[in-house]
Amino acid sequence: MVWFLLLMVFLNGIISNGVGTNVSSRPSVVNIGAIFSFNSTIGKVAKFALEAAVQDVNSDPTVLGGTKLKLRTQDTNFSGFGAIMEALQFMEGDTVAIIGPQSSVMAHVVSHIANELQVPLISYAATDPTLFSLQYPFFLMTTHSDLYQMAAIADLVDYYGWREVIAIYVDDDYGRNGIAALGDELTKKRCKISYKAPMYPESSRDDITDVLVKVALTESRILVVHTYTEWGLEVLDVAQYLGMTGSGYVWIATNWLSTVMDTDASLPSNAMNNIQGVLTLRMYTPASELKSNFVSRWSNLTSAGTTNRHVGLSAYGLYAYDTVWVLAHAINAFFNQGGSISFSNDSRLTKLRGGSLHLDAMSIFDGGNLLLQSILQVNMTGVTGPIKFNSDHSLIRPAYEVINVIGTGVRRIGYWSNYSGLSVVPPAMLYTKPPNRTSTNQRLYDAIWPGQAAQTPRGWVFPSNGRQLIIGVPDRVSYREFISRVKGTDMFKGYCIDVFTAALSLLPYAVPYKLVPFGDGIHNPSCTDLVRLITTGVYDAAIGDIAIVTNRTRMVDFTQPYIESGLVVVAPIKTSNSNAWAFLKPFSKNMWIVTGTFFLLVGAVVWILEHRINDEFRGPPRRQFVTILWFSFSTLFFAHRENTVSTLGRVVLIIWLFVVLIINSSYTASLTSILTVQQLSSPVKGIESLQTSNDPIGYQQGSFAVNYLSEELNIHKSRLVPLNSAEDYAKALRDGPKKGGVAAVVDERAYIELFLSTRCEFTIVGQEFTKSGWGFAFPRDSPLAVDMSTAILKLSETGDLQRIHDKWLKGSACRSQDAKLAVDRLQLRSFWGLYAICGLACLVALFIYAILMVRQFSKHYIEESDSSVQNSRSGRLQTFLSFVDEKEEDVKSRSKRRQMEMASTRSTYEDESLSSSKRRHIELSSNKSTITSDQV
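If you look the protein up in an unreviewed UniProt entry, it shows as Glutamate receptor from Vitis vinifera. Within the UniProt record for the protein, the comment given under Function (unreviewed entry) is "Glutamate-gated receptor that probably acts as non-selective cation channel." For the protein, the Subcellular location (unreviewed entry) comment in UniProt is given as "Membrane".

**Q** Residues and numbers for the overall build of the protein, please.
**A** When helices and strands are counted, the protein shows 32 helices and 33 strands. Within the protein, buried positions represent 50% of all 936 residues. Split by element, the accessible area of the protein, about 44800 Å² in all, is 54% carbon and sulfur.

**Q** Mind laying out the side chain of glutamine 276, listing which residues take part and the relevant values?
**A** Tracing the chain through its elements places glutamine 276 in the loop between helix H11 (269-274) and strand E10 (279-283). Of note is the side chain of glutamine 276, whose polar atom sits 2.9 Å from the backbone oxygen of methionine 272. Once residues lying within four places of it in the same chain are set aside, the contact partners of glutamine 276 are Val405, Ile406, Gly407, Pro450 and Gln452.

**Q** Summarise the pairing of strand E18 (residues 469-474); cite the residues concerned and give the values.
**A** E18 sits mainly inside the fold: five of its six residues count as buried. As judged from the two bridges shared by E18 and strand E22 (residues 541-542), these two strands associate in the parallel manner. Across the sheet, residue glycine 472 finds its bridge partner in E22, namely alanine 542.

**Q** Can you explain the packing of aromatic side chains? Please cite residues and give values.
**A** Aromatic ring pairs are reported here in terms of the distance separating the ring centres and the angle at which the planes meet. The final tally for this structure, using the stated rule, is 31 aromatic pairs. Ring centres 5.2 Å apart and planes at 75° place the aromatic pair tryptophan 460 and tyrosine 509 in the edge-to-face group. Of the two residues, tryptophan 460 sits in the loop between helix H16 (427-430) and E18 while tyrosine 509 sits in the loop between helix H17 (495-505) and strand E21 (513-518), which places them 49 residues apart along the sequence. Tyrosine 509 matches tryptophan 460 in its accessibility class, with the two residues each being buried. Measuring from centroid to centroid gives 5.4 Å for phenylalanine 500 and tyrosine 513, while their planes differ by 85°, and the two rings are edge-to-face. Note that phenylalanine 500 is positioned in helix H17 and tyrosine 513 in strand E21, a separation of 13 residues in sequence. Look at phenylalanine 500 and you get buried, because its relative accessible area is 3%.

**Q** Please provide a residue-by-residue account of the pattern of salt bridges, values included.
**A** Using the criterion set out here, one finds 27 salt bridges in the structure. Across the pair arginine 163 and aspartate 158 runs a salt bridge whose closest N-O atoms are separated by 3.6 Å. Looking at aspartate 158, the relative accessible area reads 31%, which means it is partly exposed. Residue aspartate 173 pairs with arginine 176 through a salt bridge whose shortest N-O separation is 3.1 Å. Residue aspartate 173 and its partner arginine 176 are located together in helix H7 (residues 173-188), separated by three residues, close to a single helical turn. The structure contains a network of salt bridges with shared partners spanning Asp262, Arg282, Glu401 and Arg412.

**Q** I'd like a rundown of the nonpolar core, residues and numbers included.
**A** Of all hydrophobic cores here, the largest spans 107 residues; its most connected members are Leu69, Tyr124 and Ile331. Among the elements that line this core, the one with the most residues is helix H13 (residues 315-336), at 15 residues. There are two domains that each give this core at least three residues, and those are domain 1 (29-140 + 289-388) and domain 2 (146-287 + 398-441). Formed by 76 residues, the second largest nonpolar core is a distinct cluster that contains Ile563, Val742, Met788 and Leu801.

**Q** Quick rundown of a nonpolar patch on the surface? Include the residues and the values.
**A** On the surface, Leu840, Val844, Phe847, Ile848, Ile851 and Leu852 cluster together to form a nonpolar patch covering roughly 540 Å² of accessible area. Relative to the elements of secondary structure, phenylalanine 847 occurs in helix H29 (residues 832-860).

**Q** Any chance you could break down the sheet that holds strand E29 (residues 720-723) for me, citing the residues and the numbers?
**A** If you trace the five strands from one edge of the open sheet to the other, you get E29-E28-E30-E25-E31, paired in mixed fashion. Every interior strand has two partners, whereas the edge strands, E29 and strand E31 (762-765), have only one. Between one strand and the next, the sheet's axes are offset by a mean angle of 35°, whatever the strand orientation. Where strand E28 (residues 697-700) lies against E29, four bridges are found, and the strand directions are parallel. If you follow tyrosine 699 over to E29, its bridge partner there is proline 722. Docked against the sheet, helix H25 (residues 726-735) engages strand E25 (567-572), E28, E29, strand E30 (744-748) and E31, running at close to 150° with respect to E30.

**Q** Can you lay out the environment of proline 572 for me, pointing to particular residues and giving the numbers?
**A** Its place among the elements puts proline 572 in strand E25. You can call proline 572 partly exposed: its relative accessible area is 24%. Spatially, the C-alpha atom of proline 572 lies 6.0 Å from that of glutamate 761, the residues being 189 residues apart in sequence.

**Q** Could you give an account of the packing of helix H27 (residues 783-798) against helix H28 (residues 800-808), naming the residues involved and the relevant values?
**A** Contact pair H27 / H28: the axes reach a minimum separation of 4 Å and the direction vectors enclose 80°. Our classification of the angle between H27 and H28 gives roughly perpendicular. Packed against H27, whose contacting residues are Leu795, Ser796 and Thr798, the element H28 presents Asp800, Leu801 and Arg803 at the interface. Along the lines of polarity and charge, the residues of the contact of H27 with H28 split into two nonpolar, two polar and two charged.

**Q** Run through the pairing of E28, naming residues and quoting values.
**A** Because side chains alternate across E28, one face comprises the buried residues Ile697 and Tyr699, and the other comprises Gly698 and Gln700, equally buried. Following the backbone out of E28, through helix H24 (residues 705-712) and into the adjacent parallel E29, one traces a crossover that is right-handed. For E28 and E30, the ladder comprises three bridges, and the chain directions are parallel. Paired with isoleucine 697 across the strands is alanine 744, a residue of E30.

**Q** Quick rundown of the UniProt feature "transmembrane region" (unreviewed entry) in the protein? Include the residues and the values.
**A** The positions UniProt marks with the feature "transmembrane region" (unreviewed entry) are residues 591-609, 651-675 and 832-852. Secondary structure within residues 591-609 divides into 100% helix and 0% strand; the distance between the first and last C-alpha atoms comes to 27 Å.

**Q** I'd like a description of the packing of H13 against helix H15 (residues 368-376), backed by residues and values.
**A** Running from N to C, H13 and H15 cross one another at 125°; their axes reach a closest spacing of 8 Å. Judged on the interaxial angle alone, H15 and H13 are oblique. Pair H13 / H15 crosses with right-handed handedness. Packed against H13, whose contacting residues are Val326, Leu327, Ala330, Ile331, Ala333 and Phe334, the element H15 presents Leu370, Leu371, Ser374 and Ile375 at the interface.

**Q** Outline the sheet that holds strand E5 (residues 139-141), supporting the account with residue identities and numerical values.
**A** What the five strands build is an open sheet, ordered E2-E1-E3-E4-E5; its pairing is parallel. Strands with a single pairing partner mark the edges of an open sheet, and in this sheet they are strand E2 (68-75) and E5. Across the sheet, the axes of successive neighbouring strands diverge by a mean angle of 25°, strand direction being ignored. Strand direction decides the pairing type here: strand E3 (residues 95-99) and strand E4 (residues 121-123), joined by two bridges, are parallel. Within E4, the residue paired with isoleucine 99 across the bridge is isoleucine 122. Contacts from helix H2 (residues 41-58) reach strand E1 (29-36), E2 and E3 within the one sheet, and its direction differs from that of E2 by about 165°. Lying on the sheet, H13 is in contact with E1, E2, E3 and E4; it crosses E3 at an angle near 155°.

Rules used in this analysis
Residues numbered from 1 in each chain as written. Predicted model: local features only at pLDDT ≥ 70, side-chain atom pairs only at ≥ 80, totals over all residues. Heavy atoms only, no water. UniProt positions renumbered as here; feature names shortened; annotations may be inferred. Helix = DSSP H or I, 4+ residues; strand = E, 2+ residues; numbered from the N terminus. Buried < 20%, exposed > 50% of the residue type's maximum accessible area, 1.4 Å probe, protein only. Areas by Shrake-Rupley, 256 points an atom, 1.4 Å probe, with all protein chains shown as cover. Polar contact = N/O pair within 3.5 Å; in protein donor to acceptor, adjacent residues only side chain to side chain. Contact = heavy atoms within 4.5 Å. Pairing = 2+ DSSP bridges. Phe/Tyr/Trp six-rings, centres within 6.5 Å; stacked < 30°, edge-to-face > 60°. Salt bridge = Lys/Arg side-chain N within 4 Å of Asp/Glu carboxyl O. Core = buried A, V, L, I, M, F, W, Y, C linked by side-chain atoms within 4.5 Å. Domains from an automatic or database assignment. Patch = residues over 30% accessible without salt bridge, like charges linked within 9 Å, V, L, I, M, F, W, Y side chains within 5 Å. Axes fitted to C-alpha atoms, helices over the stretch in contact; angles between N-to-C directions. Parallel < 35°, antiparallel > 145°, perpendicular 65-115°, else oblique. Nonpolar A, V, L, I, M, F, W, Y, C, P; charged D, E, K, R; others polar. Right-handed = clockwise from strand over helix to strand, strands pointing away. Left-handed = near helix turned anticlockwise from the far one by under 90°.

Laid out in structure tokens, this is it:
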């Protein structure tokens, strides 16, 4: 198509025959072009901004080193074909770059020319996200893509808790691609576009009316309008005429509305009335001195160039102004890198020389690639803030202001940036902090909605096209108290129906619906199959005894559970009567063995600690053995008559008596229960015993239990027996596995409690092994599911839910059975702590006693050991054991006698030594006297 248009241009003689030209490396003038619609809302602002920018660049010789920019503007007059012709005309004047086009549709077409002729195409207003594709390497966007604008709208929808929106858009590249980006962004938030309303690019008022009438019949009230500035107000005017701008509606306009209001500050009063409460976006440009100076000049710039009413400065005007400066800095860098302005013929078209179309006259800008790279490397600060291109050729730091139209003006309620999401703080301040896009950090000021509503609209209503909700209801053949079809009619009754109608009555709006039976009326239908039909569109919802389980939640959304339920095991029971050996039942076998062992152990420990110092624990071995037995077992009745003397023995006895007290009390209580309360027993103890056995297991036909048992618990399906009614349950349980029945039935507690209310020969065994509830099913992201959940919670808070339960599901007469099931025998694990404490006390006492014995033995028998001939190890051990068996008083008295004997012996020895010394002294004196006399 593009080349066809090019051929048409050549036929009209737009491109003259010639050869390529070469210009010096830094010429005095550089030609640039601009393509836009002069009379458009964006174009009339851009014209003043572009001219002012060129004038400012040329007045500063330091920017281009003395080179001047020469801007040639061409009016496309809203025509894509005109844009092609103007682009080709620029090529005649050695144009190195083209600013524009203004429209995304035109940009798609002209980009092909730019690619072929290697002339950079720079647009400040074409925002189609697909223009960033690799298909258009010479196209650059000096504004923010609609991709970010749609991300901001998706964040708004998610922030206010809406889930579905309606997209009203112009059906061209600009509108379709923008809404496609919106759909992608909404999907990331688990939201969606529920209805798309495309409009012709040249729609009349009647066309707009037809589109909005269809929109009014849908249920969503969140309307996103993505159109052009020229006729966006017409859409809202028609909406006002149709009554679609009142309370309950939410209108979100893309930045076309803020552009209109910024450009024309004096909108007619009827236009302002049509846009009251509308949310719109405006491209955010941070406050700076450059921006302030340019804004202050704007009045002078526009007053000298127009005789019409005042033209306001929009964000597009700021970006148009910066576009010229970006191009100027890039051209300067281009020359600094040795680039020169030269054009050459296209080698592919040279072969066509001599033809009547003169296609060989088309020339290619030789420095196009270098200039393109120079533009991408620009890093400057303009009136719109920092300007720098990302690797995908988009501008850095995309951000928008969130604006609420109120009264005769607008109110900014916050900001959006891809750095931190929604915030009431300007993005320029947030860039200095770490990014934080958590839900708690997202914030906006309160908005005033259409109809002067201060409360955030719910965002949806039931469609006013007279269509009823088709609600599927399982046609049950058993447990009809929950839900049952009235014979001969299409009406239903039961607990689930009453809950649904009660919740529906609490909604602030009417819900037309029709209940449709699901099932053949012979067998209980599968609720999973019923839920699956919601996803295919057969039903709009499903109500009844539908358990909320994992595989179903993947298909639909459920309301808040209105009754708790979970899988339980029901089995037949038999009565256990008392017998002659009932007194043994309170304790288990291990408990009896450990208890008896500890009686003997404690008796032995006390004997060891007492028999040396207590006469009651002494005597012949036979008597001492009987004493141990008597003392041990008499403590059971606290009737022991032996007194304990040692401190260690008393400590052990106190701890043991405490243990006996606990055991005695527990035994008495358990035996009393066994003898006075009827006991029930069942061979099935719970789901664990069913897993380890091979007995058949019954389940309710249509229940999710069969999948749970086979897939989660790995029970083979051959063991699972489908049962259709409560009577089938009872018969299969009575027959048992040996007669073709089942050992137990696995079903939801709600059914089983109703089943047991009249059948006391069965009971629930074990614990409930799944936790779930029943809810009403709706399509994914259905707002009705949320409102119904709120209504169910209100029913629960007011007690109405319990009253409905009592009306249909009376209390079970046999519900107390499961509390008396089987004999609750006392297990060892309940008392091991007491035994551990008592055993530890015995060990500690024996250890201390042994240390004392060794010390006394060493003290009292050291001399005897030294003088003894028996120094063998067995002899010492025999002496120690005799010492331990000896009474302590005898040991002490013998030790005292030995000490006295030793003292007496020592005294006699000293006397003898003294007398001997005296005799020697006398003899010595006598000898001395004799010697002296002899000498004389």
